[in-house]
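Residue-level structural notes
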Amino acid sequence: MSVTAEELRSALRPHAAGIAVLTGPGPVGVTITSFTSVSARPALVSFALAETSTTWPQLRDSDWFGIQLLGAHQQDLARLFATPGADRFGPDTRWRPGPHQVPLLDGCLSWLVCARHDVRAVGDHHVVTAAVEEVRPGASGDSLVHLHGVMQPVAQPALVRG
């Protein structure tokens with residue numbers, strides 16, 4: 001039995017996916033929802049980019065990546081980095097060069113600076129596993145997620161003590 005791409009997308013719409021921006025030297029960057037933690041020891045994370053991504057050719061040979069976890073207040077930034085052909089690092093984008101010339105965007109909840117660990121072609125995507133070399137905490141705030149086909153904030157739940 002074969003599942004179509006639309007059937008899979010429809011089934012996954014109610015599953016919240018965190019929104020992050022992946023950056024690399026150049027500068028180059030793209031919004032991703034495929035970011036996930038893989039291992040705490042060693043510290044490994046992963047993300048996937050489509051073979052058809054216009055950003056993939058620019059990141060394919062990068063040894064270093066930045067992963068910015070976006071806050072609820074950063075929907076415009078997420079949209080900018082998701083728009084093909086946009087001037088993602090134009091004058092309105094606040095950023096600075098981080099370690100290994102990885103761009104770090106201002107105002108994020110946290111930043112990870114990662115080294116390439118492994119890259120695999122899987123289906124119509126490339127899955128990259130990266131070793132986390134540095135973590136920088138940012139401002140506190142609510143997360144930005146993709147849920148039911150739209151970006152939306154996820155409020156921090158109130159702590160319940162029992």
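Every chain begins its residue count from 1, and numbering advances along the sequence as written. Whole-chain, interface and lining totals are the exception, using all residues; otherwise, since this is a predicted model, local features are given only for residues with pLDDT of at least 70 and side-chain atom pairs are given and counted only at 80 or more. The basis for the side-chain values is all heavy atoms of the structure; hydrogens and waters are excluded.

1. What to know about the overall build of the chain
Regarding its fold elements, the chain presents three helices and twelve strands. A compact globule built from 162 residues would reach a C-alpha radius of gyration of about 15 Å, and the chain, at 16 Å, matches this within 12%. Along the first, second and third principal axes, the C-alpha set of the chain runs to 45 × 40 × 35 Å. Only protein chains enter the accessibility calculation, which uses a 1.4 Å probe; a residue whose area is less than 20% of its type maximum is buried, one above 50% is exposed, and one in between is partly exposed. The burial tally for the chain puts 38% of its 162 residues in the buried class. Working rule for contacts: check all heavy atoms of both residues, and any pair within 4.5 Å makes them a contact. For the chain, long-range pairs separated by at least 24 residues make up 63% of all intrachain contacts whose partners lie at least 6 apart in sequence. Accessible surface is estimated by sampling points in the Shrake-Rupley manner with a 1.4 Å probe; for residues, cover comes only from the protein chains shown. Here the chain displays about 9500 Å² of accessible surface, and carbon together with sulfur accounts for 55% of that area. A positive count includes Lys and Arg, and a negative count includes Asp and Glu. His and the chain ends are not counted in either. Lysine's charge is taken at NZ, arginine's at CZ, aspartate's at CG and glutamate's at CD. For the chain, the centre of its 12 positive side-chain charges and the centre of its 14 negative side-chain charges are spaced 5 Å apart. Secondary structure elements follow DSSP: runs of H or I no shorter than four residues count as helices, runs of E no shorter than two count as strands, and numbering proceeds from the N terminus. The globule rule used for comparison is 2.2 Å times the number of residues to the exponent 0.38, while the radius of gyration itself is calculated over C-alpha atoms.

2. Examining a nonpolar patch on the surface
Residues enter patches when they are more than 30% accessible in relative terms and free of salt bridges; like-charged ones are connected within 9 Å and nonpolar ones (Val, Leu, Ile, Met, Phe, Trp, Tyr) within 5 Å. Should a side-chain nitrogen of Lys or Arg be within 4 Å of a carboxyl oxygen of Asp or Glu, the pair is scored as a salt bridge. A cluster of nonpolar side chains, Val3, Leu8 and Leu12, forms an exposed patch at the surface whose accessible area comes to about 290 Å². Structurally, the position occupied by Leu12 is in helix H1 (residues 5–12).

3. Let's talk about the packing of aromatic side chains
The rule is short: rings of Phe, Tyr and Trp, with Trp giving its six-membered ring, pair when the centres are within 6.5 Å, and they are stacked under 30 degrees, edge-to-face over 60, tilted in between. Per the counting criterion, the structure on display carries three aromatic pairs. Ring geometry for Phe47 versus Phe65: centroids 5.3 Å apart, planes at 75°, classification edge-to-face. Taken together, the residues Phe47 in strand S5 (residues 44–50) and Phe65 in strand S6 (residues 64–69) connect sequence positions 18 residues apart. Across this residue pair, the class does not change: Phe47 and Phe65 are buried. Relative to Trp95, the ring of Phe89 lies with its centre 5.1 Å away and its plane at 75°, an arrangement referred to as edge-to-face.

4. Looking at the pairing of strand S12 (residues 150–154)
Look at any regular strand and the pattern is simple: side chains alternate between the two faces of the sheet. Relative to S12, strand S11 (residues 143–147) runs antiparallel, the two being bridged by five bridges. What sits directly across from Val145, in S12, is Gln152. Should DSSP find at least two bridges between two strands, the strands are taken to pair. Counting the residues between successive antiparallel strands, the hairpin from S11 to S12 contains two residues, one of them, His148, with a positive phi of roughly 55°.

Everything listed is a geometric property; what it means functionally is a separate question.
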